[in-house]
Amino acid sequence: MTLRPSLPWLLFTLTAALIAMYLAASAVLKVEAAIAAAVFALVIIVSAIRTNAPVWRQPPAATGPTPREALFRTIQLMMLSYLWCAIAFYAIYLGTHTRWQHGWEYGTAILLISGAYGYYLRRLRDPADNLSSPPAIDRMVRFTAYLALLIGAGLIWLIGSGKLATVKGDWAANQLFLAGGFAVMCLSAIIVKTNSVLAERHAN
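Attention in this report is confined to the structure presented alongside it. Predicted model only: the values in this text are computed from it and were never measured. (Residues numbered from 1 in each chain as written. Predicted model: local features only at pLDDT ≥ 70, side-chain atom pairs only at ≥ 80, totals over all residues. Heavy atoms only, no water.)

Below, the discussion takes up the packing of aromatic side chains. Summed over the entire model, instances satisfying the criterion amount to eight aromatic pairs. Measuring from centroid to centroid gives 5.9 Å for Tyr93 and Trp100, while their planes differ by 55°, and the two rings are tilted. Residues Tyr93 and Trp100 agree in their burial class; the two are buried. Here the aromatic rings of Tyr106 and Phe177 are separated by 5.2 Å at their centres, their planes lie at 70°, and the arrangement is edge-to-face. Placement of the pair is Tyr106 in helix α4 (residues 103-124) and Phe177 in helix α6 (residues 171-203), with a sequence separation of 71 residues. Owing to a relative accessible area of 37%, Tyr106 belongs among the partly exposed residues under this scheme. Taken together, Phe89, Tyr93, Trp100, Tyr106 and Phe177 form an aromatic cluster joined through their ring pairs. Of note, Lys193 hangs over the ring of Trp56, and the distance from its end group to the ring centre comes to 5.1 Å. (Phe/Tyr/Trp six-rings, centres within 6.5 Å; stacked < 30°, edge-to-face > 60°. Buried < 20%, exposed > 50% of the residue type's maximum accessible area, 1.4 Å probe, protein only. Helix = DSSP H or I, 4+ residues; strand = E, 2+ residues; numbered from the N terminus. Lys NZ or Arg CZ within 6 Å of the ring centre and 35° of its normal.)

Here you go:
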């Protein structure tokens, strides 16, 4: 399953969640802002599951996407996740009275990561590109596995540190770190699972 059929719904929902979080942050409604961030993460994760689940359910002899095609689909969602968070950082810390001196810095860093994924997608789209080769795809899958573990450790620290209950201006940033980190962690796990299924099917 490709992203194209669900792309209008996906973009509409993500835009609505972004607007909702911006409005909530403008009024310092922390619970409502957290709900909007959670909706963003949920939409991204559900989209990834809907895209990858048909591959998981296929019988061993079935023909399905190549590892490159499967990776491309989920990396698109990865790029969207970083882009959404970057725009949210800019919208909240440059467009509302919520203030945190590092807001635009983190927003810029996350935007650059989104751009890097966009560049990677451009390379991955070409089957003849070096980054589309099986060894390169295997390296990317391993990278996402390490990324999932690293983010998981970071989220445990974030939750355990009590930063989500801060009264400082970084409360919105911490919500974005939690929602965005959880979304990327789940996407990374989905990439690893799908690649494992395809590799096992190819081996058989």
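Now that the structure has been shown, the text picks up again.
Turning next to the state of the cysteines. In the structure shown here, the tally under the stated rule is zero disulfides. Take Cys85: it sits in no disulfide, and the sulfur closest to it among the cysteines is that of Cys186, at 13 Å. For Cys85, a relative accessible area of 6% gives the class buried. The class of Cys186 is buried, set by a relative accessible area of 18%. (Disulfide = S-S within 2.5 Å.)

The residue Thr74 is located in helix α3 (residues 67-95) in this model. Excluding residues within four positions of it along the chain, Thr74 makes contact with Asn52, Leu187 and Ile191. (Contact = heavy atoms within 4.5 Å.)

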